[in-house]
Amino acid sequence: PHLPTAARAREAVSRMADREPWRDVVKICDNFEYMETATAATTGGHVWPAARRLLEYVEAARPPWAVRRGARILELGAGTGWMGMTLAANLPDADRVCVTETRAGGALTWLRRNVARNEDGEVVLWRPGVVHVEACDWTAYGDEHRDDTAGDES
């Protein structure tokens with residue numbers, strides 16, 4: 001693929017300027033609350049710069065997977081949940097935003113606390129039932145979850 005011409009780039013920037021900027025309204029529990037639930041085994045507790053950059057891209061580019069009606073978004077290793085919740089708050093046509101985290105180190109408890117804090121406020125950020133929190137341990141895979149009797153020939 002070729003890079004867009006300067007004229008196309010200016011046109012794209014002009015279209016973006018006409019859009020309403022996304023709301024950054026998600027609240028994250030403070031670090032003292034994090035320390036109550038987490039251990040040193042987790043890398044959560046703050047919003048990583050990569051999450052902010054990815055969200056900036058999605059806001060600017062509006063890729064079809066994100067903006068189409070019925071979009072289903074999965075965030076692996078959501079940490080605080082900031083990115084997934086911000087997507088839910090700004091993509092009203094999304095059907096489901098599933099934020100996942102490992103149970104280890106209290107990370108899942110922290111994620112659930114952050115989502116609950118944003119769902120229990122006076123301001124409605126997303127439709128009820130859009131944001132789901134699930135446990136996902138991506139280090140657990142392969143043979144340890146296979147049915148041990150599946151290969152028996154006895």
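Caption draft 1: Spotlight on the packing of aromatic side chains. Inspection of the entire model under this criterion finds zero aromatic pairs. One Lys or Arg, R52, reaches over the ring of W82 and ends 4.7 Å from the middle of that ring.

Caption draft 2: Seen up close, unusual backbone geometry. In the Ramachandran plot, R62 falls in the positive-phi region, its phi being about 45° despite a non-glycine side chain. For R62, the position within the fold is in the loop between α3 (49-61) and α4 (64-67).

Caption draft 3: The state of the cysteines, seen in detail. Inspection of the entire model under this criterion finds zero disulfides. Sulfur of C98: no disulfide; nearest cysteine sulfur belongs to C136 and is 8.3 Å away. What makes C136 partly exposed here is its relative accessible area of 24%.

Caption draft 4: Structural detail: the sheet that holds strand β1 (residues 72-75). One open sheet accounts for three strands, arranged β1-β2-β3; its pairing is parallel. Each of the sheet's edge strands pairs with one partner strand only, and the pair in question is β1 and β3 (131-135). Averaged over all pairs of adjacent strands, the angle between their axes in this sheet comes to 20°, without regard to strand direction. Across the sheet, helix α6 (residues 107-119) is in contact with β2 (96-101) and β3; its angle to β3 comes to roughly 170°.

Caption draft 5: Just the nonpolar core, in detail. Judged by nonpolar contacts, the single largest core of 28 residues is most densely connected at L87, V99 and W126. Elements with a contribution of two residues or more to this core: α3, α5 (82-90), β2, α6 and β3. Residue contributions to this core peak at six residues, all from α5.

Scoring rules and cut-offs
Residues numbered from 1 in each chain as written. Predicted model: local features only at pLDDT ≥ 70, side-chain atom pairs only at ≥ 80, totals over all residues. Heavy atoms only, no water. Phe/Tyr/Trp six-rings, centres within 6.5 Å; stacked < 30°, edge-to-face > 60°. Lys NZ or Arg CZ within 6 Å of the ring centre and 35° of its normal. Helix = DSSP H or I, 4+ residues; strand = E, 2+ residues; numbered from the N terminus. Disulfide = S-S within 2.5 Å. Buried < 20%, exposed > 50% of the residue type's maximum accessible area, 1.4 Å probe, protein only. Pairing = 2+ DSSP bridges. Axes fitted to C-alpha atoms, helices over the stretch in contact; angles between N-to-C directions. Contact = heavy atoms within 4.5 Å. Core = buried A, V, L, I, M, F, W, Y, C linked by side-chain atoms within 4.5 Å.

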